[in-house]
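The residues making up each chain are set out below.
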Amino acid sequence: MAGTLPPHIDLREPRWDQSTFAGRARHFFMVTDPRNLLLSGATLEEARRLVQDYRAGKVSAGVTEDQLWRAKYIYDSAFHPDTGEKMVLVGRMSAQVPMNMTITGCMLTFYRTTPAVLFWQWVNQSFNAIVNYTNRSGDAPITTGQLGTAYVSATTGAVVTALGLKSLTKHLPPIIGRFVPFAAVAAANCINIPLMRQRELKLGIPILDEDGNRLGESRAAARQAIAQVVVSRIGMAAPAMAIPPVIMNALEKRAFLKRYPWMNAPLQVGLVGLCLVFATPLCCALFPQKSTTLNVSRPVSWEGRRRKGGFSLAVSGEWRRLFVLLPVSSLQT
């Protein structure tokens, strides 16, 4: 291979060790970097060319390993991993922080009236639907019916939760009412994610051996993965929807916001953004995306038997460790 790069770099995997929280965090800080949204079309195409050339065994002279990894993360930020198509801007992982800070900030600011609650919960779930569709998996594609069902169900769940809690908190201290949007978002995640991943719940997610050979699917692993997605999604929202309300509740009693009430929304959006810059990648990194599940006997001759409700393995021979792919990133659909 021409150039200065070693030939063994696997661009299908993240740069850092994904068995550690620190390695996963560094990976997701790169994946969710909002600055990638500002890159020009020419920069994106150059990154794609560099990555595709390396995979084909060609490297331009003078390209360093750091430059290759940077190109890989730029490429991953804009192009779908399965289809190779350029993703819509607001659906990209790098758009998570700016989009969520705007929507969440407005949900926390405009929570007192019913029309405002309806509008911002609808906007939030519409954005989630765009992200889900943009990042849909090629291995387990989302149908239009699944997407529509999840969208309507999550929006309904969020609105019902928000309006129900809003009516219950009318006579409670104002600070309690500020946490209603968080409860609504948490309820919507508990509805939306299992519906979006219902195919995996029914058929399971892949189980691999240590050599990467696909042996079958596991529904139990799918349930575990989806539960972890829900936890990470709620954890991602928690700092941004719990810390700013406390700060804003204190600030609204001061003379500054009484004199400049129009600063309420910008301050709230800014505080939410500050929380999300860290909460988004750190909560995505809570769980590994490839997890060791159990030790089982590696088949010298193994038999996979399809049966109703799952996949079973009849195995014998030497003991080997199996891995299960757990798509637990909160940015995955």
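What counts as what
- Residues numbered from 1 in each chain as written.
- Predicted model: local features only at pLDDT ≥ 70, side-chain atom pairs only at ≥ 80, totals over all residues.
- Heavy atoms only, no water.
- Helix = DSSP H or I, 4+ residues; strand = E, 2+ residues; numbered from the N terminus.
- Core = buried A, V, L, I, M, F, W, Y, C linked by side-chain atoms within 4.5 Å.
- Buried < 20%, exposed > 50% of the residue type's maximum accessible area, 1.4 Å probe, protein only.
- Contact = heavy atoms within 4.5 Å.
- Axes fitted to C-alpha atoms, helices over the stretch in contact; angles between N-to-C directions.
- Left-handed = near helix turned anticlockwise from the far one by under 90°.
- Salt bridge = Lys/Arg side-chain N within 4 Å of Asp/Glu carboxyl O.

A.B. asks: Quick one: what's the story with the environment of Q228, residue by residue and with numbers?
C.D. replies: Within the fold, Q228 resides in helix α10 (residues 219-251). Linking Q228 and C284, residues 56 residues apart in sequence, is a C-alpha distance of 9.9 Å.

A.B. asks: Any chance you could break down the nonpolar core for me, citing the residues and the numbers?
C.D. replies: Within the largest apolar cluster, 26 residues are counted, with the highest numbers of intra-cluster contacts made by I9, L11, Y54 and L68. Sorting the residues of this core by element identifies α1 (21-31), α2 (41-55), α3 (65-78) and α12 (264-284) as the ones contributing at least two each. With seven residues, α3 is the largest single contributor of residues to this core. Residues contacting L11, with those up to four places away along its chain left out, are V51, Y54, R55, L68, W69 and K72. If you look at the next biggest cluster of nonpolar residues, it comprises 16 residues, including V123, V185, A237 and L276.

A.B. asks: Go over the packing of α2 against α3, please, and point to the residues and values.
C.D. replies: It is the contact of α2 with α3, at a shortest axis distance of 8 Å, that shows an interaxial angle of 115 degrees. Here α2 runs over α3; the crossing is left-handed. In this structure, α2 uses T43, L44, A47, R48, L50, V51, Q52, Y54 and R55 to contact α3, whose residues at the interface are Q67, L68, A71, K72, I74, Y75 and A78.

A.B. asks: Break down the pattern of salt bridges for me, citing the residues and quoting the values.
C.D. replies: Scanning the model with the defined rule gives six salt bridges in all. The salt bridge involving R15 is made with D66; its shortest N-O contact spans 2.5 Å. Separated by 51 residues along the polypeptide, R15 in the segment before α1 and D66 in helix α3 bring together distant segments of the chain. Since its relative accessible area comes to 33%, R15 is described here as partly exposed. Note that R49 is salt-bridged to D53, the shortest N-O span being 2.9 Å. Taken together, the positions of R49 and D53, both in helix α2 and four residues apart, correspond to about one turn of that helix.

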